[in-house]
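Structural description and commentary
Single-letter residue listing:
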Amino acid sequence: MKVTFYGTRGSIPTPGETTVKYGGNTACVLIEANNQKLIFDAGTGIKKLGEELASSNEPVTIILSHNHWDHIQGFPFFIPAYQNNRQINIYSAPTHPIEHNAILEQMDMSTFPVPSKDLTANINVIPLMNEFENMMINGLCVSSIKINHPNGGLAYKVSHQSKVIAYVTDNEIHSKDNLNTDFDSWVAFLTGVDFLIHDAQYTDLEMPLKLGWGHSSIDQAIELAKAAKIKILILYSHAPERTDKELDKYINDMQLEDLQIIASQEGKTHEV
Ligand SMILES: [Zn+2]
């Protein structure tokens with residue numbers, strides 16, 4: 001399997017000299033296996049991926065964790081949506097309020113000049129009503145579990161042959177206000193995962209000011225990865241303020257004997 005990061009940043013795009021290395025675009029990850037592609041989230045990182053996909057006519061599959069801006073805002077700039085009859089399937093996570101068409105409704109003329117009804121691709125929004133186990137999407141086995149995040153949403157794991165990749169973003173592991181999945185349930189869901197992409201937006205120092213915001217600290221992501229006996233943890237959804245220098249320092253200081261810790265980096269591909 002192959003994982004490529006097109007957007008690694010949480011909350012808001014953050015271009016600038018302090019984010020050149022790890023990237024400034026918001027959430028978008030491509031997982032490839034068995035000649036199939038699954039795109040997780042449609043933050044601003046999906047624009048570049050759309051440029052790459054424009055030269056083929058294969059169907060596109062996007063799986064959304066939830067509808068917050070940093071997970072859908074790149075879609076109006078996604079070239080395949082403007083290609084005649086291009087098939088685009090969008091799996092939309094259950095949120096509250098339920099807004100399965102939010103990714104299209106953001107194109108409403110007052111906020112974007114092209115209304116979604118003018119998109120010439122064949123766009124099919126598939127509402128996911130709950131967490132699920134072992135759903136086949138493009139021949140890949142996908143399971144999901146509810147994230148601890150304001151307005152809800154889903155985390156996913158994708159397995160192919162003997163490898164498993166998990167995409168867990170916008171998740172406050174020890175949430176009090178939005179607890180849908182407790183620590184033990186996370187451990188159960190993630191045990192056996194080879195490559196864990198997990199929200200690590202804050203530091204432990206910042207965390208007390210961010211309780212209830214629906215994100216975890218770097219140390220909390222590590223705590224969960226250790227409990228689930230993960231071998232490779234990818235820190236994801238970097239805070240907009242987090243500089244390349246800070247991330248480099250965390251990564252250097254934190255390596256553990258049996259857990260490899262990597263900061264997600266825009267443009268980087270990992271073989272799993
Ligand atoms: Zn969110």
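Throughout what follows, the structure given in this document is the object of discussion. Here the structure is a predicted model, which is why all the values come from computation and not from measurement. (Residues numbered from 1 in each chain as written. Predicted model: local features only at pLDDT ≥ 70, side-chain atom pairs only at ≥ 80, totals over all residues. Heavy atoms only, no water.)

1. Observations regarding the side chain of Gln106
Selection criterion: Strands here are runs of E lasting at least two residues and helices are runs of H or I lasting at least four, both read from the DSSP assignment and numbered beginning at the N terminus. Note on classification: 1.4 Å probe, protein chains only; a residue is buried when its accessible area is under 20% of the maximum for its type, exposed when over 50%, partly exposed between these limits. Any N or O atom pair separated by 3.5 Å or less is treated as a polar contact, with the protein-specific requirement of one donor-capable and one acceptor-capable atom, and with residues adjacent in sequence counted only for side-chain atom pairs. Only heavy atoms enter the contact rule, under which two residues are in contact if any of them lie within 4.5 Å.
Along the chain, the position of Gln106 falls in the loop between helix 3 (102-105) and strand 6 (122-127). For Gln106, a relative accessible area of 16% puts it in the buried group. Among the polar contacts listed, one links the side chain of Gln106 to the backbone oxygen of Ile103, at a separation of 2.9 Å. Those residues in contact with Gln106, other than ones at most four positions away along the chain, are Ile72, Gln73, Phe75, Pro76, Thr111 and Phe112.

2. Some details on the nonpolar core
What tends to happen in soluble globular proteins is that the nonpolar side chains get buried as a cluster. Rule in force here: Only buried residues count toward a nonpolar core, which is a set of Ala, Val, Leu, Ile, Met, Phe, Trp, Tyr and Cys residues joined through side-chain atoms within 4.5 Å.
With 31 residues, the main nonpolar core has Trp186, Leu190, Leu196, Ile230 and Leu233 as its most contacted residues. Secondary-structure elements contributing two or more residues to this core are strand 10 (163-168), helix 4 (183-190), helix 5 (218-227), strand 12 (232-236), helix 6 (244-254) and strand 13 (260-263). If we skip the residues at most four places from it in the chain, Trp186 touches Ile145, Lys146, Ile147, Asn148, Ala155, Val168, Asn171, Thr181 and Leu224. Counting residues in hydrophobic clusters, the runner-up holds 27 residues, among them Phe40, Ile137, Tyr156 and Tyr236.

3. Section: the coordination of the zinc ion
We apply this condition: Each metal site lists N, O and S donors within 2.8 Å (3.2 Å for Na, K and Ca). With water left out of the atoms, a site can look as if it is missing ligands. All geometry calls rest on donor angles, where a four-donor set with angles between 85 and 135 degrees is tetrahedral, four- and six-donor sets with opposite donors more than 155 degrees apart and all others between 65 and 115 are square planar and octahedral, and all else is irregular.
Distances from the zinc ion to its protein donors, His66 (NE2), His68 (ND1), His149 (NE2) and Asp170 (OD), fall at 2.1 to 2.4 Å. The site at the zinc ion holds four donor atoms, and with the angles between them running 90 to 178°, its shape is irregular. Along the chain, the residues donating to the zinc ion fall in the pattern H-x1-H-x80-H-x20-D. Of the two residues, His66 is situated in the loop between strand 4 (60-63) and helix 2 (69-72) and Asp170 in the loop between strand 10 and helix 4; the sequence distance between them amounts to 104 residues. Assigned by exposure class, His66 and Asp170 land together as buried.

4. Examining the sheet that holds strand 5 (residues 87-92)
As a general point, the strands of a sheet are linked pairwise by backbone hydrogen bonds and lie either parallel or antiparallel. Quick reminder of the rule: Criterion used throughout: strands pair if DSSP finds at least two bridges between them. The axes are straight lines fitted to the C-alpha atoms, using for helices just the contacting stretch, and the angles between their N-to-C directions are given from 0 to 180°.
If you trace the seven strands from one edge of the open sheet to the other, you get 6-5-4-3-2-1-14, paired in mixed fashion. Both edges of this open sheet fall to strand 6 and strand 14 (269-271), since each of them pairs with a single strand only. Taking the axes of each pair of neighbouring strands and ignoring which way they run, one obtains an average angle of 20° across the sheet. In terms of strand pairing, strand 5 meets strand 6 through six bridges, oriented parallel.

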